[in-house]
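Structural overview for review
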Amino acid sequence: MFIFSIVQILLALCAFVEAREVNYTILEENQPDYFLGKVSDDAKLHELLTTGDVTDVQYNILYSGNKDASWFTINDKSSALFASKSIDRDVICKYLTTCVLKFDVIAQSSGSGSFFHKVSVSVTVNDENDNVPKFPNPVVRQIVSEASVPGAATPLMGAEDLDAGRNGIQTYRLLPENVPFNLTAEYYANGRSQLQLIVTGKLDRETKNNYDLLILAVDGGQPAKTGTLTLNIVIGDINDNPPIFEKSMYNISIAEDVVPLTTVLALRATDKDSGENGRVIYRLSDHQSDSIHRTFKVEATTGELKVIKSLIEERKANYEIIVEASDNASNPLISQVPVFVTLLDTQNTAPEVILNIFPSGGNTVDVSENSAIGTVLALISVKDPDSGPNGQVECAINDNNFSLVKYDDSAEFNVILNKTLDREKKSVHHVTITCSDAGSPPLSVTSEFTVHVSDSNDNPPLFTRKVYQTSVTESNPVPINIGQVQAQDADNTKNISYSIEQSNSYSQWFEIDSESGAIFLNHSLDRETSPEIELQIKATDNGLPLLTGSAIFKISVADINDNKPVFHSKTFEYWIPENFSVNTMIASLSIMDADAGLNGQISISASSNDGHSSLPFMFLEDGSIFTSGDLDREKCDRYRIHLTAYDHGSPSLNSTVNLTIHIQDINDNPPVIQFPPSDTPYLEIPYTTTEDSVIMNIQATDLDQGENSRVNYLLDGDNITVDMFSLHNETGQLSLNRDLEISDVGVRSFFIIARDNGVPPKEAKRAFSIRISSQLTSSHRQPGEESVKYYAIAIAIGCVTVVLSAIIIFAICYVRRRDRHKADTSNGSVTSNSTLETDLSHSEIRMNGGYHRTFTQPSVTKPAWRPPREKQVSFKETTDMNRSPREPEVVSDDVVIWEYASEAGDTYHPYSDPYGSLPHKRQIPNLYSKNQVEWASDNENGQWTPNSDVMI
C-alpha cells in the first residue's frame, strides 16, 4: 500500500513535469536480457540534473497497469534498459502491421535532492521471417461443375502467415499453368487472405473429368518461405447431352387395315451422360393432334411405335408423328424425331365435305347487297382417304351467282360472290355443293347453305352545313345555349346521334344534346386566352356498320374591356445626353393590353412630377418616346414623369408608372472668368513686391458638370516669364516666383485662359496686364479690395453684437444669483464669489477660468436623524485655502457652491473622498438642500490637501 501511494504521488508529479521520450528498436526472438540502451543518456536527462543530483538519481519502470512493461527491466542506478525475455512479435502483436511496446520510466532523486522526471519509452519490435505460410488443410478436393462459364469463381481458404509486413504472404501461384483455371487473392489486414479459383476456359466432363493442381503461398522474406496446397478438382457432370436418335427422321408405309396393337416401328436413342442423366425414356410429343394420340402409342422403355385403333375409321391417307426421347435428369433434355406414316389404300370410301360459313358458322350467311364481287362467303374442305382414282374429287355449285375457287393445291374450295346481288329482286339464295370421286363406281356427297341478302348502310349522315358559326361574349354566364346543328341520312336509318369529338382541351367545356343537336357552353370564356374555339361535331347513324358525318362548329369570343394596359416594369429610368436632337427616339416602353379592338388600343398621357408645365418629350401609342424640345442639363438635369397608359374601352382602364429621364452633361458651356472682372484690364504692383507674394486669385465658373466644369488656369503671352510669375493651374492663384527689382518696372501683358476638362475642352480668354510701378505703393487698388473691406466691416459688427449679448446675459445671471443669496443666508453656509460656469447635464463646473467637475444631486431635505457633526462645510477645490468663509455662490437653480478657508489647527476631509489618496474611511456626504454637498472632519488630527479636481 505504501509503494502504491508513492507511485500515485509520482504520477501526480508527472502531470507537472514535461515528460521526455526515447525510442528503441529490437528484432523479435531476441536473447533474454538484451541491452537496449541507457535511458538517462538517450533522454538527455543530464540537461536537467544539477551537479549534486547526478549520482543521486534512481530509475524505475512503472509496471502497474501496463502489460508492455513486463517485458523489460532497468538498472536503477545506471538506467541501462534490458529486454528481460525473448519477445515473439507474432504472439504479442498478432495481425498488427507495427508492434510498439510503450511504458514509462521514473527518474527520481533517492536522497535529499528534488529531481523528478518521467521518460516515455517506446520499443518497436521488428518482425523476423520465422513463419512459413500455412494452409488450413494441405489437401482440398473441390467439385467444379462442367457448366461453369469462364469467369465463374469458387472460393478457397487462403494461407495464414503469422509474420507481418513484407514477411507476410505476398503472392500466390497456381501450378501447372496450362489449365483452364486461374487464381486471384484478396488480402486482409489481419494477415489472412481469401482465394478465388476462376474458370478461364470451357469444362467438359466427357473430355476430362478431373485436374490435380498445386497452389503456392509465397511470403516476402529474404529468403522467401512457401506454403503449399494440393487441390484436386473433380469436374461434376451436368445434363448437357440430350438423347440422340439413330436417324433424323423415319418414313414407313402401312396398310390402312392393319390390326390394332401392331408394332409398326422400333425407335432407338442414346445419351452420352451418365446415371439418370443418360437413361432414355420415349413418348409421343404433346404438341400434336389428339388423333395421333388416339391412333398410335410408343413404349416408354423400348421405343416401339404401335397402332392402337383402326386406321380406316380415321379416314386419313398419311400421318406425321412426333416421337420424343428424354433423359431422366431433374431438368431433362429432350430430342424429337418425326415419323412419317403413309397408309396404303385397300378400300374405296366416299368423300367428306366440311362447310365453314363466314363469319357466323352454321348453314346461313348474310351478304350485303353492296358486297364486292369476289367476296368469300364460305370455305369447303374435301377429304378422301383413298388413293389413286378413288381419292380424286371434283366439286360443283348449283347457283351461278356464286362460284367455287380451289384454294392453292389443297382439297379446299372458296365459295365466292360471282355477281352483284340485288336484295329487292331476290333476298334469299339456296346453294348446294356436290363433290364426287373418280372411283368405280364414283361416290359423291352434297352440302347445302342459305344466303340472305341484307340492306347495306352505305350513306353516312350529312349535316345541313359544313361549318357552323356563332359568337359568344367573354365572361359569359353558364350554362348557355350557343346554337344547334342538324344532319340527315339517305338510308332507312331513323335515329341519328350527335356528339362532340374530344379533339382539343376546349371540347370538355361544351355539351351537345345527342338527339336534338343543341350545343351548350358550361364554361366562362376568356377571349385573351381563347379568341376562337373550333369544335368537331359528329353525327352517327344506327346502321351496321355505323356511319358518321362531321361538321365544324366555330365559336368567336367577343371581347369586353377586362384588361388594363400593363407596363413591363414598375419604374423606368433612362439617361440621355443634353442637346439631343428633336424628334429622336430615346426609348421604347413595352406596354401590353390583352384586349382587342378599342379595348386594346393604348394611348399614353404624361405629367411632370416636378411641376413642369410642359415636357420636351412625345409619347406615342406604341410606347416610343421621342424628344420634342431642347434638352439643357444646366436648366434641368432630370425629368420625373408620371405616365398613364389607358385603353379606349368603355369604361376605359388604365395603369400608371413613374419614368425618370436623366439629362447627362456634355461640354457645351465654356468657362466664364469672374475675377478679375472684365472692367479691370490691369493690376498695378510696386517693384518692391517680394517673392511668393500673391498678386491675385483668378476665378472662373463653368455651368457644366463633373470634368466638364473643372477649370484649369493658364497664362499666355510673349513677355510672361516663368522666373517671374507662377500660376497654380487649379486654384488660379497668381504669385511671384522672385523678388521684383527696379529693372522689372514696366507692363507685362498676357492672356488669362480658363479651360475646362471636357472632351473636347472649351476655354475663355481675356487680355490682362500687370504694371510694375516704380512707386513704393500701388496707385491702383487690387481688384476685390472694396469687397474685402465690406467683409471686414460686417465681421466687426457681428463680433460687437455677440460681446454685448454676452454682457447682458452675464448681468442677468449675476442679479439672479445675488437675489438667491439672500434667501440662503439662513442656512449659515459659507459661499464664494468666484466666477463659475456650470454644465448641469454633465456635472461640470468651470471656476476662475479653470475646469472642474463636481457632484450634483437633486434637492433633499436635511434629515432630522442626522448625527451632529463637529464642523460642517461645503467642499470645493481652491488654489488658496487660507481664506475666510464667504457667501455661497449660486451658479443656477440646480447648483450652489461653497468655499471654505481652513483655520489654524483645523483640518478637514470629506466623508466621501474624491481623490482616493486619503487614509481615512470614506463615507457618503450629507445633502442639505438643493445640490449642496456637506463634508465633515473625521478627526482633528487628519490631514487633507486637495490638489486635483473633484470627480464623482
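About the criteria used
- Residues numbered from 1 in each chain as written.
- Predicted model: local features only at pLDDT ≥ 70, side-chain atom pairs only at ≥ 80, totals over all residues.
- Heavy atoms only, no water.
- Helix = DSSP H or I, 4+ residues; strand = E, 2+ residues; numbered from the N terminus.
- Buried < 20%, exposed > 50% of the residue type's maximum accessible area, 1.4 Å probe, protein only.
- Contact = heavy atoms within 4.5 Å.
- Areas by Shrake-Rupley, 256 points an atom, 1.4 Å probe, with all protein chains shown as cover.
- Pairing = 2+ DSSP bridges.
- Axes fitted to C-alpha atoms, helices over the stretch in contact; angles between N-to-C directions.
- Polar contact = N/O pair within 3.5 Å; in protein donor to acceptor, adjacent residues only side chain to side chain.
- Patch = residues over 30% accessible without salt bridge, like charges linked within 9 Å, V, L, I, M, F, W, Y side chains within 5 Å.
- Salt bridge = Lys/Arg side-chain N within 4 Å of Asp/Glu carboxyl O.
- Lys, Arg positive; Asp, Glu negative; His and termini not counted.
- Charge placed at Lys NZ, Arg CZ, Asp CG, Glu CD.
- Phe/Tyr/Trp six-rings, centres within 6.5 Å; stacked < 30°, edge-to-face > 60°.
- Lys NZ or Arg CZ within 6 Å of the ring centre and 35° of its normal.
- pLDDT = per-residue confidence, 0-100.
- Disulfide = S-S within 2.5 Å.
- Core = buried A, V, L, I, M, F, W, Y, C linked by side-chain atoms within 4.5 Å.

This paragraph deals with the overall build of the protein. A tally of helices and strands in the protein yields 6 helices and 66 strands. Residue burial in the protein is summarised as follows: out of 952 residues, 40% are buried. Considering only contacts within the protein whose residues lie at least 6 apart along the sequence, 68% involve residues at least 24 apart. When the accessible surface of the protein is summed, it comes to about 52,700 Å², and 51% of that surface belongs to carbon and sulfur atoms.

What follows concerns the sheet that holds strand 58 (residues 763-773). Spatially, 51-58-57-54 is the arrangement adopted by the 4 strands of the open sheet, whose pairing is mixed. Each having just a single partner strand, strand 51 (682-686) and strand 54 (711-716) make up the two edges of the open sheet. Adjacent strand axes in the sheet meet at a mean angle of 30°, parallel and antiparallel pairs treated alike. Here strand 54 runs beside strand 57 (residues 746-756); their pairing, made up of 6 bridges, is antiparallel. Residue pairing for strand 57: valine 711 is matched across the bridge by aspartate 756.

Turning to its location among the elements, asparagine 708 is positioned in the loop between strand 53 (699-701) and strand 54. In this structure the side chain of asparagine 708 is engaged in a polar contact, spanning 2.8 Å, whose partner is the side chain of aspartate 665. Discounting residues that sit within four places of it in the chain, asparagine 708 has contacts with Asp665, Ile666, Asn667, Asp702, Asp756, Gly758 and Val759.

Two orientations exist for strands paired in a sheet by backbone hydrogen bonds: parallel and antiparallel. Spatially, 34-38-37 is the arrangement adopted by the 3 strands of the open sheet, whose pairing is antiparallel. A strand with exactly one partner marks an edge of an open sheet, and here the two such strands are strand 34 (480-484) and strand 37 (510-512). Sheet twist, expressed as the mean angle between neighbouring strand axes with direction ignored, is 25°. Two elements, strand 34 and strand 38 (residues 518-521), share 4 bridges in a ladder whose sense is antiparallel. Paired with asparagine 481 across the two strands is phenylalanine 520, which belongs to strand 38.

Time to look at the environment of aspartate 127. Its location among the elements puts aspartate 127 in the loop between strand 7 (116-126) and strand 8 (139-145). Between the C-alpha atoms of aspartate 127 and glycine 168, which are 41 residues apart in sequence, the distance is 9.7 Å. Those residues in contact with aspartate 127 that sit more than four places away from it in its chain are Leu27, Glu28, Arg89, Asp90, Asp163, Ala164 and Asn167.

Further remarks concern a negative patch on the surface. Taken together, the side chains of Glu691, Asp692, Asp739 and Glu741 define an acidic patch exposed on the protein surface. If you trace the backbone, glutamate 741 turns up in the loop between strand 56 (733-736) and strand 57.

Below, the discussion takes up the environment of valine 485. Tracing the sequence through the fold places valine 485 in the loop between strand 34 and strand 35 (487-488). The sequence separation of valine 485 and glycine 517 amounts to 32 residues, and the corresponding C-alpha distance is 5.1 Å.

Here we come to the packing of aromatic side chains. Here the distance between the centres and the angle between the planes together describe a pair of aromatic rings. With the rule as written, the count across this model stands at 14 aromatic pairs. Ring geometry for tyrosine 172 against tyrosine 187: centres 6.2 Å apart, planes inclined by 25°, an arrangement best described as stacked. Here tyrosine 187 lies in strand 11 (residues 181-187) and tyrosine 172 lies in strand 10 (residues 169-175), a separation of 15 residues in the sequence. Taking the centre distance of 6.4 Å and the plane angle of 25° together, the rings of tyrosine 468 and phenylalanine 553 count as stacked. Of this pair, tyrosine 468 sits in strand 33 (residues 467-473) while phenylalanine 553 sits in strand 40 (residues 548-558), and the two are 85 residues apart along the sequence. When the ring centre of tryptophan 71 is taken as reference, the NZ or CZ atom of lysine 85 above it lies at 4.6 Å. Positioned above the aromatic ring of tyrosine 682, the side-chain terminus of arginine 771 is 3.8 Å from the ring centre.

Bringing the environment of serine 726 into the picture now. For serine 726, the location among the structural elements is in strand 55 (residues 725-727). Residue serine 726 is classed as partly exposed on the basis of its relative accessible area of 29%. Measuring from C-alpha to C-alpha, the distance between serine 726 and isoleucine 695 comes to 9.9 Å, with 31 residues separating the pair along the chain. If we ignore the near neighbours within four places in the chain, the residues touching serine 726 are Gln733, Leu734, Ser735 and Asn737.

Mean pLDDT over the protein stands at 79; residues scoring 70 or higher make up 80%. Long-range and interchain partners of residues 826-886, a stretch whose pLDDT sits below 50, account for 157 contacts in this model, where long-range means more than four residues apart. The low-confidence segment residues 898-952, where pLDDT is below 50, has 159 contacts with residues more than four positions distant or belonging to other chains.

Quick look at the state of the cysteines now. Per the counting criterion, the structure on display carries 2 disulfides. At a sulfur-sulfur separation of 1.9 Å, the disulfide partner of cysteine 93 is cysteine 99. On the sign convention where negative means left-handed, the S-S torsion of about 55° between cysteine 93 and cysteine 99 marks this disulfide as right-handed. Across this residue pair, the class does not change: cysteine 93 and cysteine 99 are buried. Disulfide connectivity for the protein, with bonded cysteines indexed by sequence position, reads 1-2, 3-4.

Overall, the coordinates contain 14 salt bridges when judged by the stated rule. One salt bridge connects arginine 710 with glutamate 707, and the closest N-O pair in it is separated by 2.9 Å. Between glutamate 763 and arginine 755 there is a salt bridge, with its nearest N and O atoms 2.7 Å apart.

This paragraph deals with the nonpolar core. Within the largest apolar cluster, 29 residues are counted, with the highest numbers of intra-cluster contacts made by Phe72, Leu81, Phe103, Val105 and Val121. Residues contacting leucine 81, with those up to four places away along its chain left out, are Tyr24, Tyr34, Phe35, Leu36, Gly37, Val39, Ile61, Phe72, Thr73, Ile74, Phe103 and Val121. Ranked by size, the runner-up nonpolar core spans 26 residues in total, among them Phe245, Ile292, Phe296 and Val323.

Moving on, we get to the pairing of strand 38. Looking along a regular strand, one sees the side chains alternate between the two faces of the sheet. Across 3 bridges, the pairing between strand 37 and strand 38 is antiparallel. Residue pairing for strand 38: phenylalanine 510 is matched across the bridge by leucine 521.

The next thing to look at is the pairing of strand 24 (residues 352-357). Residues Val353, Leu355 and Ile357 point to one face of strand 24 and are all buried, whereas Glu352, Ile354 and Asn356, pointing to the other face, are not buried. Where strand 24 and strand 26 (residues 376-383) come together, 6 bridges link them in antiparallel fashion. Considered in strand 26, the bridge of isoleucine 354 is made with serine 381.

The next point concerns a nonpolar patch on the surface. On the surface, Val800, Val803, Leu804 and Ile807 cluster together to form a nonpolar patch covering roughly 370 Å² of accessible area. Looking at the element boundaries, valine 803 is found in helix 6 (residues 785-824).

With respect to the helices and strands, the residue serine 603 is situated in strand 45 (residues 602-608). Side chain to side chain, serine 603 and glutamate 621 meet in a polar contact 3.5 Å long. If we skip the residues at most four places from it in the chain, serine 603 touches Glu621, Thr644, Ala645, Tyr646 and His648.

In this section: unusual backbone geometry. Trans peptide bonds make up most of the peptide bonds, and negative phi angles are found at most residues other than glycine. The omega torsion of the bond from leucine 175 to proline 176 falls at -10°, within 30 degrees of zero and hence cis. With an omega dihedral of -10°, the bond running from valine 478 to proline 479 counts as a cis peptide bond. In this structure, proline 479 sits in the loop between strand 33 and strand 34.

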